[in-house]
Amino acid sequence: FAQYDIYLKLIENAKDCIYISTPYLIIDNVFLKAIANQAKAGVEVILLVPEIADKKLVYLMTENNFTEILNAGGKIYKFKGGFNHAKTMVIDDDYAIVGTVNIDYRSMFLHFECCNLLMKTESVKEIKKDYQNRHIIKTNYVHRCIHRL
């Protein structure tokens, strides 16, 4: 369960920002609370998910996590103009994860997925700029989520 633990520790120790891009956000309560608590503490939390679903039920399960994050002060953007399948996370200016791991149970516990953890390199800052400059421009901001489950 190393991937889950690494993601969780990075989120829990963030000081300035947490940027997550994932097509699937199907997380347990511990992971959800960690993200929400950081948003409540003033850490900038931005989630980037696809606007177009490839799997309807999975998409609804992803949206089911939005309300708690939004209520805590996090921001959620839906990528428009295609299916965003990027799986990245940036923590502050120090850490980034890029790989095949979705933020869901199957990727973290069942599949043999891999990712790269970048630590204190210029690449981390470039990935962060990509979120700020390119990704957010091509999105629709989610103000609230109406649950359909």
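Scroll up for the structure.
Small disclaimer: the values here were computed from a predicted structure and weren't measured. (Residues numbered from 1 in each chain as written. Predicted model: local features only at pLDDT ≥ 70, side-chain atom pairs only at ≥ 80, totals over all residues. Heavy atoms only, no water.)

**Some thoughts on the overall build of the protein**
- On a plain count of helices and strands, the protein comes out with six helices and nine strands.
- Evaluated residue by residue, the protein yields a buried proportion of 46% over its 149 residues. (Helix = DSSP H or I, 4+ residues; strand = E, 2+ residues; numbered from the N terminus. Buried < 20%, exposed > 50% of the residue type's maximum accessible area, 1.4 Å probe, protein only.)

**Some remarks on helix H2 (residues 29-40)**
- For H2, with 12 residues, the first-to-last C-alpha span of 16 Å sits near the 16 Å given by 1.5 Å per residue.
- Those residues of H2 that fall on the buried side of the exposure criterion are Phe31, Leu32, Ala34, Ile35, Ala36, Gln38 and Ala39.
- For H2, the secondary structure elements touched by its buried residues are helix H1 (2-12), strand S1 (17-21), strand S3 (44-50), helix H4 (66-71), strand S7 (103-104) and helix H5 (105-110).
- Of the residues flanking the end of H2, it is Gly42, one or two places downstream, whose phi is positive at about 100 degrees. (Expected span 1.5 Å × (residues − 1). Contact = heavy atoms within 4.5 Å.)

**Looking at the nonpolar core**
- Counting residues in hydrophobic clusters, the biggest one holds 31 residues, and the most contacted among them are Ile11 and Phe31.
- Those elements that place two or more of their residues in this core are H1, S1, H2, S3, H4 and strand S5 (88-91).
- Looking at which element gives the most residues to this core, the answer is H2, with six residues.
- Every residue in contact with Ile11, bar those within four places of it in the chain, is listed here: Ile18, Ile20, Phe31, Ala34, Ile35, Gln38, Met89 and Ile91.
- Counting 11 residues, the second-largest nonpolar core is a separate cluster that includes Cys17, Ile46, Val124 and Tyr131. (Core = buried A, V, L, I, M, F, W, Y, C linked by side-chain atoms within 4.5 Å.)

**Overview of the packing of H1 against H2**
- It is at 9 Å that the axes of H1 and H2 come closest, and there the two elements cross at 20 degrees. Our classification of the angle between H1 and H2 gives roughly parallel. Pair H1 / H2 crosses with left-handed handedness. Residues Tyr4, Tyr7, Leu8, Ile11 and Glu12 of H1 pack against Val30, Phe31, Ala34, Ile35 and Gln38 of H2.
- Residues of the contact of H1 with H2, tallied by class, amount to eight nonpolar, one polar and one charged. (Axes fitted to C-alpha atoms, helices over the stretch in contact; angles between N-to-C directions. Parallel < 35°, antiparallel > 145°, perpendicular 65-115°, else oblique. Left-handed = near helix turned anticlockwise from the far one by under 90°. Nonpolar A, V, L, I, M, F, W, Y, C, P; charged D, E, K, R; others polar.)

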